[in-house]
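Each chain, letter by letter, is given below.
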Amino acid sequence: MTASMANPLVAEVAGSLAIRARWRLPEIVFWLAALATIFLLPGRHLILTEIAILGLFTLSLDLILGYAGIISLGHAAFFGLGAYVAGLLALHAIVTEPVLALVVSGACAAVLGFATSFLVLRGSDLTRLMVTLGVALVLREVANRLDWLTGGADGLQGVVMRPVLGAFAFDIFGHVAYAYSLAVLFVAFVIARRIIYSPFGVSLRAIKGNPLRASAIGIHNSRRLVAIYTIAAGYAGIAGALLTQTTAFASLAVFDFERSADVLLILILGGIGYLYGGLIGAVVFKLMQDWLANLTPQYWQFWIGLVLVLIVLVGRERVGNWIRSARAAAGLLLSAKRL
């Protein structure tokens, strides 16, 4: 292909990506509604903080599963590492500013992601499942053995968080924690959105769709998969650090298999390969968990599992068709009443 032919093609692709990257009205409404909860739901800030952290954690998994096709059952490894790094930085007064500590924690998780990516990307999906799960289990056991550093089964005790940016002190009602977590989530989402709607993001979709064809047209599959895996690990580390900073506590539970399984379940509920799927799934899962735990404390997991089974059996596309049909019927009824 000559340069004269390539330039129009590049311009066309760049224009198409720019159009797809534009913010649409539903997205703006979504984030305005999230901002409004800071002022309209002050009594629910504690659970909303958990939702924001869970949404960020799920977003990190969606980056590798939804856009690169890398399945993981040990994503909690990066979440837990970020949580402990943030706790240790605060406990020993190494980095006292929460935002800077957040960046350092995410960077440490990204380093771990880069170091383990070469193992994860080898073999089939089953191999990746086993390797990711093994990394999480190893880190949990290391944290348990190094009780002089991590507190072992008792967790990190005596963690005191400094005010955010030196001005906003964490309060017992979670107002600052929620605003802080929501701001971090929004910034991380904007960056992830920019990545997905870039040529790099397009190449990831090509690799997920057909790795052999992507390699044949000149895409370096391994480099891109290592890059997105490292970025996703950093995101998970930031989510874990947020949990420690907002609760002033870190325990071995951050490495548990259930945490990795929950985030995968949330992604299935919200939708894979759709950035808002993780956020919507986090809202649905956490509110459903809170409601069912109050309704039937012993069996709330059964009902969440039942919902998941129904979604799988019915199919997301069929549910979407039902919703569109209901909207169309409602529109016809409204128009008939006007006539």
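Residues numbered from 1 in each chain as written. Predicted model: local features only at pLDDT ≥ 70, side-chain atom pairs only at ≥ 80, totals over all residues. Heavy atoms only, no water.

What follows covers the overall build of the chain. Each helix and strand counted, the chain has 15 helices and zero strands in total. Expressed as a percentage of the 339 residues in the chain, the buried residues total 43%. Residue pairs in contact within the chain that sit at least 24 positions apart in sequence constitute 77% of those at least 6 positions apart. Approximately 17,900 Å² of the chain is accessible, and the part contributed by carbon and sulfur atoms is 69%. (Helix = DSSP H or I, 4+ residues; strand = E, 2+ residues; numbered from the N terminus. Buried < 20%, exposed > 50% of the residue type's maximum accessible area, 1.4 Å probe, protein only. Contact = heavy atoms within 4.5 Å. Areas by Shrake-Rupley, 256 points an atom, 1.4 Å probe, with all protein chains shown as cover.)

Here the focus is helix α13 (residues 275-295). The first and last C-alpha atoms of α13 sit 31 Å apart over 21 residues, in line with the 30 Å expected at 1.5 Å per residue. When we look at burial in α13, the residues that qualify are Leu275, Tyr276, Gly277, Gly278, Leu279, Gly281, Ala282, Phe285, Lys286, Met288, Gln289 and Leu292. (Expected span 1.5 Å × (residues − 1).)

In this section: the confidence of the model for the chain. When pLDDT is averaged along the chain, the result is 83; 86% of the residues meet or exceed 70. A low-confidence stretch, residues 1-5 (pLDDT under 50), is modelled with two contacts involving residues beyond four sequence positions or located in other chains. (pLDDT = per-residue confidence, 0-100.)

Considering the arrangement of structural elements, one finds arginine 224 in helix α11 (residues 221-247). Taking relative accessible area as the criterion, arginine 224 reaches 26% and is therefore assigned partly exposed. Along the chain, arginine 224 and serine 203 lie 21 residues apart, while their C-alpha atoms are 8.0 Å from each other. In this structure, arginine 224 is in contact with Phe200, Ser203, Leu204, Ile207 and Ile219, ignoring residues within four places of it in sequence.

The next subject is the packing of helix α3 (residues 45-65) against α13. The interhelical angle for the contact between α3 and α13, taken along N-to-C directions, is 140 degrees, at an axis separation of 8 Å. On the basis of their axis angle, the class for α3 and α13 is oblique. Two packed elements cross with a definite hand, and for α3 against α13 that hand is right-handed. Residues Ile47, Glu50, Ile51, Leu54, Gly55, Thr58, Leu59, Asp62 and Leu63 of α3 pack against Leu275, Gly278, Leu279, Ala282, Val283, Phe285, Lys286, Leu287 and Asp290 of α13. (Axes fitted to C-alpha atoms, helices over the stretch in contact; angles between N-to-C directions. Parallel < 35°, antiparallel > 145°, perpendicular 65-115°, else oblique. Left-handed = near helix turned anticlockwise from the far one by under 90°.)

Moving on: the packing of helix α2 (residues 25-40) against helix α8 (residues 175-196). Between α2 and α8, the least distance of the axes is 10 Å, while the angle of their chain directions is 165 degrees. Judged by the angle between their axes, α2 and α8 are roughly antiparallel. In terms of crossing hand, the pair formed by α2 and α8 is left-handed. Residue-level contacts link Glu27, Trp31, Ala34, Leu35, Thr37 and Ile38 of α2 to Tyr178, Ala179, Leu182, Leu185, Phe186, Phe189 and Arg193 of α8. Across the contact of α2 with α8, the residue classes tally to ten nonpolar, one polar and two charged. (Nonpolar A, V, L, I, M, F, W, Y, C, P; charged D, E, K, R; others polar.)

Here the focus is the nonpolar core. Counting residues in hydrophobic clusters, the biggest one holds 86 residues, and the most contacted among them are Trp31, Leu56, Leu63 and Ile70. Among the elements that line this core, the one with the most residues is α3, at twelve residues. Setting aside anything within four residues of it in sequence, one finds isoleucine 70 in contact with Ile64, Leu65, Val120, Leu121, Arg128, Leu225 and Tyr229. (Core = buried A, V, L, I, M, F, W, Y, C linked by side-chain atoms within 4.5 Å.)

Enumeration over the complete set of coordinates arrives at five salt bridges. Put simply, glutamate 27 and arginine 193 hold a salt bridge, and the shortest N to O gap is 3.0 Å. Here arginine 193 lies in helix α8 and glutamate 27 lies in helix α2, a separation of 166 residues in the sequence. A single burial state applies to glutamate 27 and to arginine 193, both of which are buried. With its nearest N and O atoms 3.0 Å apart, the salt bridge here joins arginine 140 to aspartate 256. With arginine 140 in helix α6 (residues 125-145) and aspartate 256 in the loop between α11 and α12 (257-270), this residue pair connects regions lying 116 residues apart in the sequence. (Salt bridge = Lys/Arg side-chain N within 4 Å of Asp/Glu carboxyl O.)

As for its position among the elements, threonine 244 is in helix α11. Setting aside residues up to four positions removed in sequence, threonine 244 forms contacts with Ala83, Tyr84, Ala86, Gly87, Phe249 and Ala250.

What follows covers unusual backbone geometry. Peptide bonds are trans in most cases, and residues, glycine excluded, mostly fall at negative phi. Here the phi dihedral of alanine 93 falls at roughly 55 degrees; this positive angle occurs in a residue that is not glycine. You can see alanine 93 is positioned in the loop between α4 (76-91) and α5 (98-120). At alanine 248, a residue that is not glycine, the phi angle is positive and equals roughly 55 degrees. On the basis of relative accessibility, which here comes to 29%, the residue alanine 248 falls in the partly exposed class.

Attention now goes to the environment of glycine 134. If you trace the backbone, glycine 134 turns up in helix α6. According to the relative accessible area criterion, glycine 134 is partly exposed, its value standing at 24%. Sequence spacing of glycine 134 and alanine 77 is 57 residues, and the spatial spacing of their C-alpha atoms is 9.3 Å.

Taken as a whole and assessed by the stated rule, the structure comprises 13 aromatic pairs. For the pair tyrosine 84 and phenylalanine 255, a centre-to-centre distance of 5.8 Å together with 10 degrees between the ring planes defines the contact as stacked. In this pair, tyrosine 84 is assigned in helix α4 and phenylalanine 255 in the loop between α11 and α12, connecting sequence segments 171 residues apart. Neither residue differs from the other here; tyrosine 84 and phenylalanine 255 are each classed as buried. Among the aromatic residues, those joined into a cluster by ring pairs are Trp23, Phe30, Trp31, Phe186, Phe189, Tyr274 and Tyr276. In this structure, arginine 193 packs its charged tip against the face of tryptophan 23, placed 4.4 Å from the ring centre. (Phe/Tyr/Trp six-rings, centres within 6.5 Å; stacked < 30°, edge-to-face > 60°. Lys NZ or Arg CZ within 6 Å of the ring centre and 35° of its normal.)

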